[in-house]
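Descriptive structure summary
Single-letter residue listing:
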Amino acid sequence: MIDAPKPTNVTANRIMQVMSITWSDGHQSMYSFSLLRHACPCAECRGGHDKMGAEPDPGVFALPDEDSPTTHLSSIEGVGAYALTIGWEDGHHYGIYNWHYLRALCPCPECRS
Ligand SMILES: [Zn+2]
Ligand SMILES: [Zn+2]
């Protein structure tokens, strides 16, 4: 089994509206809250269980940043040792972002190329 990178540190900056993850392989990811919300992996946001892929929809990277209660992060909680759930100010908290998904969602130029 490959040793997939895992987060060693997760922080959220509500002023900058950015969540950052430091990975076990040293990579650093910075996600705007807006990107995280647009990429919410729950069945409702992805339009049904059959569309819940393991990878983010590439379209989310092209969406403009939004500043509203839907993109204001209210909580981050660990789910076992494999994922995070993120809660939003509009009460939405159904997305389970596993490590693979979060790493695939890294918007840095290196990961996007
Ligand atoms: Zn959702
Ligand atoms: Zn990256």
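In case you missed it, the structure is sitting above this.
Below: a short report on this structure.

What counts, and at which threshold
Residues numbered from 1 in each chain as written. Chains lettered and ligands numbered in written order. Predicted model: local features only at pLDDT ≥ 70, side-chain atom pairs only at ≥ 80, totals over all residues. Heavy atoms only, no water. Pairing = 2+ DSSP bridges. Helix = DSSP H or I, 4+ residues; strand = E, 2+ residues; numbered from the N terminus. Buried < 20%, exposed > 50% of the residue type's maximum accessible area, 1.4 Å probe, protein only. Contact = heavy atoms within 4.5 Å. Phe/Tyr/Trp six-rings, centres within 6.5 Å; stacked < 30°, edge-to-face > 60°. Lys NZ or Arg CZ within 6 Å of the ring centre and 35° of its normal. Donors = N, O, S within 2.8 Å, 3.2 Å for Na, K, Ca; no water. Tetrahedral: all angles 85-135°; square planar, octahedral: opposite > 155°, others 65-115°. Axes fitted to C-alpha atoms, helices over the stretch in contact; angles between N-to-C directions.

The pairing of strand β1 (residues 7–13) with strand β2 (residues 18–23) spans six bridges and is antiparallel. Pairing of A12 across the sheet is with M19, part of β2. Adjacent in sequence and paired antiparallel, β1 and β2 are bridged by four residues, among which Q17 carries a positive phi angle near 55°.

On the secondary structure map, H27 appears in the loop between β2 and β3 (28–32). The buried category is assigned to H27, whose relative accessible area is 11%. Excluding residues within four positions of it along the chain, H27 makes contact with I21, T22, R103, C106, C108, E110 and C111.

Taken as a whole, this structure holds one aromatic pair when the rule is applied. Judged by centre distance (6.2 Å) and plane angle (70°), the rings of Y97 and Y101 are edge-to-face. Each of the two residues, Y97 as well as Y101, counts as buried. The ring centre of F61 lies 3.8 Å from the NZ or CZ of R112, which sits over that ring.

Bringing the coordination of the zinc ion (ligand 2) into the picture now. Surrounding the zinc ion (ligand 2) are the protein donor atoms H27 (NE2), C106 (SG), C108 (SG) and C111 (SG), which sit 2.1 to 2.3 Å from the metal. Of note is the zinc ion (ligand 2), whose four donor atoms meet at the metal with angles of 104 to 116° in an arrangement that counts as tetrahedral. Judged by its relative accessible area of 18%, C108 is buried. Classification of C111 by relative accessible area gives partly exposed; the value is 27%.

This part takes up the sheet that holds β3. Sheet strands pair by backbone hydrogen bonding; their relative direction is either parallel or antiparallel. Strand order across the open sheet formed by three strands is β1-β2-β3, with antiparallel pairing between neighbours. Of all strands in the sheet, those with a lone pairing partner are β1 and β3, marking the two edges. For this sheet, the mean angle separating the axes of adjacent strands, direction not counted, is 15°.

Here the focus is unusual backbone geometry. Non-glycine residue Q17 carries a positive phi angle of around 55°. By the secondary structure assignment, Q17 is in the loop between β1 and β2.

Mapped onto the secondary structure, S34 falls in helix α1 (residues 33–38). Given a relative accessible area of 4%, S34 falls into the buried group. Excluding residues that lie within four positions of it along the chain, S34 makes contacts with P64, D65, E66 and T71.

Function cannot be inferred from these measures alone, as they are strictly geometric.
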